[in-house]
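# Coordinates in review
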Amino acid sequence: MSNNTSFSASNEGDTTSNNCYNDWGVGITTVNAISLVMNAFHLIIISRMPSLKGHPYKYILIHITLADMCSAAMLIWVYSCLEAFFRVVMVTNKFPIVLNMVSWPINTSHWIFLVAGIEQYYSICMPLVYKSSRFVDKLPVIMILTWVISFCWTIIYVVVGMIVDPSTAVNPSWIRHIYTTVNYLPLILAAIPLTMVVKELTKMRKKTLAANQRQSLRASVYLIIIYMIFTVFGLFDLVTTYIHIVDPTLLKFPAQRLRNISKAFYGVLNTVIYGFRTKAYRQEIRKLLGKEN
């Protein structure tokens, strides 16, 4: 595969050609590779932490991390310009599901945050019914469903586009409007339970808390922080995506590539913030590295 090979990422919202091994490709691949490695290490640590054993919150952390890892892996696969990628891209004009799958982990993150917001609402605002809640009890299954729902919605988007306009891999603008809106709806709805959690946390600060309450408080604060960071990056992507749908000529820079690199930065921040805020996490790292008996 020669260095001047290019592909069209129109399904990802970027109609410009991505040239292999250019500065954008190298930058996005490098940052996402760092994110992938850090999140893989992060997954090992949270899987080992005794304080998370048997806690439903652990499933939230694991699936947030898996979504970040899958997103990073997909983007590395696309922007590293591997020959295997181009072999698959050759069929995308007839069946463009491959390029659309690049956004699947990110869209799944929106559903994960909605589920996480509801779980934290039960944990902080309704602690007496938390463990007896059917929602919390079925949380492992619900987390898997977030991936299934997001995947099915992506398939529907591609299939509808092929039916409406089979002559092109780029779906009509009204379909992309609906697809983008539905993708971001769970992330927006997550603000409702998390706002209620913030109000309750404000009240809790004035009380003397037990150890398990302090742990729940720290978990909620962490989730709110990364939700806000993720949402800021998401709003940028949402605005630029709608601008691109309305009039692609209004954007003089590859906005979708900025989304792809900012998502990697979020993946790195996610692990750093959790490690900085959690003493047990740092202790587990020292144990893993043989620094602590």
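Note that the coordinates shown come from a computational prediction; the quantities given were computed from them, not determined experimentally.

Next up on the list: the overall build of the chain. Helix and strand content of the chain: 12 helices and two strands. Listing the helices and strands of the chain from first to last along the sequence gives β-β-α-α-α-α-α-α-α-α-α-α-α-α. Burial statistics for the chain: of 293 residues in total, 49% are counted as buried. In the chain, of all internal contacts separated by at least 6 residues, the share reaching a separation of at least 24 is 77%. On the chain, roughly 14,700 Å² of surface is accessible, and the fraction owed to carbon and sulfur atoms is 68%.

Within the element layout of this structure, asparagine 183 appears in helix H8 (residues 173-189). When residues no more than four places from it in sequence are discounted, the contact partners of asparagine 183 are Asn107, His110 and Trp153.

Take the side chain of threonine 65 next. Of note, threonine 65 is situated in helix H2 (residues 57-79). In this view, threonine 65 contacts Asn39, His42, Leu43 and Ile46; residues no more than four positions away in its chain are not counted.

Bringing the pattern of salt bridges into the picture now. Using the criterion set out here, one finds two salt bridges in the structure. Among the salt bridges present, the one from arginine 48 reaches glutamate 284, with a minimum N-O distance of 3.2 Å. Within this pair, whereas arginine 48 is found in helix H1 (residues 23-48), its partner glutamate 284 is found in helix H12 (residues 279-288), the two being separated by 236 residues in sequence. Taking the relative accessible area as the measure of exposure, arginine 48 reaches 39% and is therefore partly exposed. Here aspartate 68 makes a salt bridge to lysine 263, at a shortest N to O gap of 2.8 Å. Of this pair, aspartate 68 sits in helix H2 while lysine 263 is found in helix H11 (residues 255-277), placing the two residues 195 residues apart along the sequence. As far as the burial class goes, aspartate 68 and lysine 263 line up, both buried.

Another point: a nonpolar patch on the surface. Among the surface-exposed residues, Ile156, Val159, Val160, Ile163, Val164, Trp174, Ile178 and Val182 lie close enough to one another that they form a single nonpolar patch of about 670 Å² accessible area. If you tally residues by element for the nonpolar patch, the top one is helix H7 (residues 139-164), at five residues. Within the secondary structure layout, isoleucine 163 lies in helix H7. The exposed category is assigned to isoleucine 163, whose relative accessible area is 66%.

Any segment with low pLDDT has predicted coordinates that should not be analysed in fine detail. Here the chain averages 80 in pLDDT, and 77% of its residues register 70 or above. By mean pLDDT, strand S1 (residues 6-9) is the weakest element of the chain at 38, and helix H5 (residues 104-125) is the strongest at 93. Note on residues 1-19: pLDDT is under 50 here. Beyond four places in sequence and across chains, it has 47 contacts.

Okay, the environment of valine 246 next. In this structure, valine 246 sits in helix H10 (residues 211-246). Take valine 246: its relative accessible area is 62%, and that puts it in the exposed class. As for valine 246 and serine 173, which are separated by 73 residues in sequence, their C-alpha atoms are 7.4 Å apart.

What follows covers the packing of aromatic side chains. Applying the stated criterion across every chain yields a total of 11 aromatic pairs. Aromatic pair tyrosine 122 and phenylalanine 135: ring centres 5.9 Å apart, planes at 20°, arrangement stacked. Placement of the pair is tyrosine 122 in helix H5 and phenylalanine 135 in helix H6 (residues 134-137), with a sequence separation of 13 residues. Seen in terms of ring centroids, tryptophan 153 and tyrosine 179 are 6.1 Å apart; in terms of plane orientation they differ by 25°. Their pairing is stacked. One end of the pair, tryptophan 153, is in helix H7; the other, tyrosine 179, is in helix H8, with 26 residues separating them in the sequence. Its relative accessible area of 23% is what places tryptophan 153 among the partly exposed residues. Judged by its relative accessible area of 8%, tyrosine 179 is buried.

Scoring rules and cut-offs
- Throughout this document, residue positions are counted from 1 along each chain, in the order its sequence is written.
- This being a predicted model, a pLDDT of at least 70 is required before a residue's local features are given, and a value of 80 or more before pairs of side-chain atoms are given or counted; all residues contribute to the totals for chains, interfaces and linings.
- Derived side-chain values reflect all non-hydrogen atoms in the structure, with water molecules and hydrogen atoms excluded from consideration.
- The way it works is that DSSP assigns letters per residue, a run of H or I at least four long becomes a helix, a run of E at least two long becomes a strand, and they are numbered from the N terminus.
- Buried, partly exposed and exposed residues are distinguished by accessible area as a fraction of the type maximum, computed with a 1.4 Å probe on protein chains only: under 20%, between the cut-offs, and over 50%, respectively.
- In this analysis, two residues are considered to be in contact whenever any of their non-hydrogen atoms come within 4.5 Å of each other.
- Where accessible areas are quoted, they stem from the Shrake-Rupley method and a 1.4 Å probe; at the residue level, only the protein chains shown are allowed to cover.
- A carboxyl oxygen of Asp or Glu within 4 Å of a side-chain nitrogen of Lys or Arg is what we treat as a salt bridge.
- Candidates for patches are residues over 30% relative accessible area with no salt bridge; among them, like charges are joined within 9 Å and nonpolar side chains (Val, Leu, Ile, Met, Phe, Trp, Tyr) within 5 Å.
- Confidence of the predictor in every single residue is expressed as pLDDT, which spans 0 to 100.
- Centres within 6.5 Å make a pair out of two Phe, Tyr or Trp rings, where for Trp the six-membered ring is used; the pair is then stacked when the planes are under 30 degrees apart, edge-to-face when over 60, and tilted otherwise.

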